[in-house]
Amino acid sequence: MKDFNNKVAVITGAANGIGRAIAEECVKRQMKVVIADIDAEKLHALEKHLKTKTANVLAVVTDVTKESDINLLADKTIHTFNKVNLLFNNVGIAGPLGPIWEINITDFKQVMECNFMSMVYGLKKFIPIMLAQGDECYIVNTGSGAGFGTDPNSTGYSVSKHAIVELTETLYLDLRQRNTNINVSLLSPGLTRTNFSDAIESKDTDSDEIKNIISSFKTLMATAGRPASDVALDVFKGIEKNQFYIFTDFSYQKEKIAHRMNNILSLTNPVPFEDSVL
């Protein structure tokens, strides 16, 4: 996809970070934008900001863990703009840190519902709409480097992101096999300066190890993270090239992927990647 003018984009998790940056980039490309987030205050502030640049903005307060909310988001999109061309499944929360036997099962379910099941709900609702339209459409699912590597103490987040990788790869093959009008990309952001790290908690453990992990990650995010606006540009460059894997820090993530694959191919027991923070 190279022509974005007048295309309709739906962005979940749009009130902050990468989602907000994608919304800004959509407006720059003269698109019609539907922004969705559970944080009504921040969402409407973004809506007000974007409407200083274009009138083609719709804000829909959405709890992506509820399939009914996703269905309503789609219905409002079609009612307002009559179509949808791009879907950015972007919502993501950090979830609890620690081994599976120590983390709260409710928190584990929440991260799976928010990061993974929300994507399933979005795909099930929006893909039939896109297929019926018959015009060029695009889906971007936001994963993470955590979906390609394996690290201790990141059970909830990493499990959800590994699931997203498999879901998106399978989705790509299914759409290609059926020769559809929809293309797909998997966004795997590296360190990005957002408020993501603020939500990381260790409420289920007093472990000094986990507290150190959180502290190190927040420091690294603040010092080495790229601006979310740069990530949004990477996303659109990937879309323009119909590129499935969109890595924003490929050199580092490539090392993590190679490390894990080498362990698998050599039948070596899992060994964490030395430079990994999470």
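Here, every reference points to the structure presented above.
Below: a short report on this structure. (Residues numbered from 1 in each chain as written. Predicted model: local features only at pLDDT ≥ 70, side-chain atom pairs only at ≥ 80, totals over all residues. Heavy atoms only, no water.)

### Considering the packing of helix α1 (residues 17-28) against helix α7 (residues 228-240)
No. 1: It is the contact of α1 with α7, at a shortest axis distance of 8 Å, that shows an interaxial angle of 60°. Overall, the two elements α1 and α7 adopt an arrangement that is oblique. When the axes of α1 and α7 are compared, the crossing they make is right-handed. Contact with α1, carried on its side by Gly-17, Ile-18, Ala-21, Ile-22, Glu-25 and Cys-26, involves Ala-228, Ser-229, Val-231, Ala-232, Leu-233 and Phe-236 of α7 and no other residues of that element.
No. 2: Split into classes, the residues belonging to the contact of α1 with α7 amount to 9 nonpolar, 2 polar and 1 charged. (Axes fitted to C-alpha atoms, helices over the stretch in contact; angles between N-to-C directions. Helix = DSSP H or I, 4+ residues; strand = E, 2+ residues; numbered from the N terminus. Parallel < 35°, antiparallel > 145°, perpendicular 65-115°, else oblique. Left-handed = near helix turned anticlockwise from the far one by under 90°. Contact = heavy atoms within 4.5 Å. Nonpolar A, V, L, I, M, F, W, Y, C, P; charged D, E, K, R; others polar.)

### What to know about the packing of α1 against helix α2 (residues 40-50)
No. 1: Running from amino to carboxyl end, α1 crosses α2 at an angle of 20°, the nearest separation of the two axes being 11 Å. Looking at the two axes, α1 sits roughly parallel to α2. Along this stretch, α1 crosses α2, giving a crossing that reads as right-handed. Along its contact with α1, which presents Arg-20, Ala-23, Glu-24 and Val-27, the element α2 presents Leu-46, His-49 and Leu-50.

### Overview of the sheet that holds strand β6 (residues 182-188)
No. 1: Pairing is parallel in the open sheet, where 7 strands are placed in the order β3-β2-β1-β4-β5-β6-β9. The sheet terminates laterally at β3 (57-61) and β9 (245-247), the two strands that pair on one side only. Ignoring strand direction, the axes of neighbouring strands in this sheet form an average angle of 15°.
No. 2: Alignment of strand β5 (residues 137-142) against β6, held across 6 bridges, turns out to be parallel. Within the sheet, the bridge partner assigned to Val-140 lies in β6 and is Ser-185.
No. 3: Relative to the sheet, α2 contacts β2 (32-37) and β3, its axis offset from that of β3 by approximately 180°. (Pairing = 2+ DSSP bridges.)

### Concerning the pattern of salt bridges
One side chain can pair with another of opposite charge once the charged atoms of both are near each other.
No. 1: Applying the stated criterion to the full structure yields 7 salt bridges.
No. 2: Lys-125 serves as the salt-bridge partner of Asp-75, at 3.5 Å between the closest nitrogen and oxygen. With Asp-75 in helix α3 (residues 67-81) and Lys-125 in helix α4 (residues 105-133), the pair connects residues that are 50 residues apart, well separated along the chain.
No. 3: Residue Asp-75 is classed as partly exposed on the basis of its relative accessible area of 42%.
No. 4: Classification of Lys-125 as partly exposed rests on a relative accessible area of 25%.
No. 5: A salt bridge links Arg-178 to Asp-174; the nearest nitrogen and oxygen atoms lie 3.9 Å apart. (Salt bridge = Lys/Arg side-chain N within 4 Å of Asp/Glu carboxyl O. Buried < 20%, exposed > 50% of the residue type's maximum accessible area, 1.4 Å probe, protein only.)

### Comments concerning the pairing of β6
No. 1: Of all 7 residues in β6, 7 are buried; the element is thus mostly enclosed.
No. 2: Where burial is concerned, the two faces of β6 agree: the one with Ile-182, Val-184, Leu-186 and Ser-188 and the one with Asn-183, Ser-185 and Leu-187 are both buried.
No. 3: Regarding topology, helix α5 (residues 155-177) serves as the crossover connection from β5 to the parallel β6, and that connection is right-handed.
No. 4: Here β6 pairs with β9 via 3 bridges, running parallel. Bridge pairing in β9 places Leu-186 opposite Tyr-245. (Right-handed = clockwise from strand over helix to strand, strands pointing away.)

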